[in-house]
Amino acid sequence: MKIAIIGGGASGLACAIECGRKAERENKKAHITVYEGADRVGKKILVTGNGRCNMMNEKELPYFGGGEFARFALEKYNVESNLSFFASMGLYTRSDSEGRVYPLGNQASGVLDALRFECERLGVRLICSESVTAVKKSGSCFDVCGSKYDKVVLACGGKAGVKGYRSYDLLKNFGHALVTPAPALTKINVKDTVYVKQLKGIRHKGELTLCVGGRRIASEFGEVQFTDYGLSGICIMQLSSYISREAAEDIRIVFDTVPGFSYTELQKALTKLKERGSLLCENILTGFMPKKLGGIILKSCGISLTSDASSLSDGQIKALVSAAKKLTFEVAGLRGFEDAQVTAGGADTRQFSSKTMESKKVKGLYCIGEMLDVDGFCGGYNLMWAWSSGRLCGDSLI
């Protein structure tokens, strides 16, 4: 059995290892070749988790796109199974309070080394600096770079962070449909940048609510980072995954800058500060948030920063409370693929088997990982999908 895996990333390497191990167990011959366009395999693994590699997450969260399609692979090759998979290669892990799993050595290079060494042990052939631009099928065989293969696995990843990505053409050439790719887990552009430009570099924790056409879609708690074009931060990236699949124009992010206070509690606290006297308005919110952010909220209410806080009317206090609890940004769109961590969209999962990852249209053709229309939140969920889908496919190849 000759097998070609196009793409030497997380899913492709996991697929090669699972396939090689099954052949080893069953004493079968499997000639596995991994083609990688970069000068080495696993380059994206090295930059995940800020170089520490957030491998997976112990907590369960839904996936976007083909979430139901992904369920079988994620349940068969769950966290416990994937931890054992890596432990069998000599790689051990730790988890943090958020359920994020990291290598015990705290370096992504350790994860990649474990995968590479196991591929080497199993006799998997790794061909780097070889971009596969076409795969053709003649009879029961596939032609890849002039060599014949019985089965081909497309593990080319998505468009996120990749210049000149063309791998979707490999799917299209076999008649496969795509769900339009879009950047996900990325930063957000806002329509009116006047305020955010003034806040560039400021970070503040709070609760964010995503509203589309007046409907509440999702909420996240976390630290927002202000940029000259809009908003960033993990909580913003999580919300971007919802936005990437929304076609509506009226998309807003509502930022509760003081989630620890109810409207009534905040109103009482500000009223007490006002009654103390000898306090300028520019300082009335400094006990709740960065001074620049407080200044923007005051300006949005038409309140002069240099006026005396004791002069604030009850109506102005209420307006200030409302603005602090509902600081609203109109979304202009998402940053491009160059800023995205993953791709939303991709190969339509309805055209593949969730039990094997094999195409329903072309026998012997498989697709795994980010190339499929499956993506998850920050925190290890996308690498989890790569390991699980890759291993399920690898087991199905023999």
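Every value quoted in this text rests on a predicted model; they were computed, and no experiment measured them.

> Break down the sheet that holds strand β11 (residues 151-154) for me, citing the residues and quoting the values.
The strands making up a sheet associate through hydrogen bonds between their backbones, and the pairing can be parallel or antiparallel. Read from one edge to the other, the open sheet built from 5 strands follows the order β7-β2-β1-β11-β20, with strand pairing classed as parallel. At either end of the open sheet lies a strand with only one pairing partner, and these are β7 (125-127) and β20 (365-367). Strand-to-strand twist of the sheet, defined as the mean angle between neighbouring strand axes without regard to direction, takes the value 20 degrees. Across 3 bridges, the pairing between strand β2 (residues 31-35) and β7 is parallel. Across the sheet, residue V34 finds its bridge partner in β7, namely L126.

> A description of the packing of aromatic side chains should follow, citing residues and the corresponding values.
Two aromatic rings are characterised by how far apart their centres lie and by the angle between their planes. For the coordinates displayed, the defined rule picks out 13 aromatic pairs. Taken together, a centroid distance of 6.1 Å and an interplanar angle of 55 degrees make the contact between F226 and F329 tilted. Remark: F329 occurs in strand β18 (residues 327-334) and F226 occurs in strand β15 (residues 215-226); sequence separation between them is 103 residues. As far as burial versus exposure is concerned, F226 and F329 are alike and both buried. Judged by centre distance (5.4 Å) and plane angle (75 degrees), the rings of F261 and F288 are edge-to-face. Here the residue F261 occupies a position in the loop between β17 (251-256) and α9 (263-276), and F288 occupies one in the loop between α9 and α10 (291-300), the gap between them amounting to 27 residues. You can call F288 buried: its relative accessible area is 18%. One aromatic cluster in this structure is built from F64, Y242 and F377. Its end group placed over the ring of Y149, K2 keeps NZ or CZ at 5.2 Å from the ring centre. The positively charged end of R335 is found above the aromatic ring belonging to Y229, 3.7 Å away from the centroid.

Calculation rules
- Residues numbered from 1 in each chain as written.
- Predicted model: local features only at pLDDT ≥ 70, side-chain atom pairs only at ≥ 80, totals over all residues.
- Heavy atoms only, no water.
- Pairing = 2+ DSSP bridges.
- Helix = DSSP H or I, 4+ residues; strand = E, 2+ residues; numbered from the N terminus.
- Axes fitted to C-alpha atoms, helices over the stretch in contact; angles between N-to-C directions.
- Phe/Tyr/Trp six-rings, centres within 6.5 Å; stacked < 30°, edge-to-face > 60°.
- Buried < 20%, exposed > 50% of the residue type's maximum accessible area, 1.4 Å probe, protein only.
- Lys NZ or Arg CZ within 6 Å of the ring centre and 35° of its normal.

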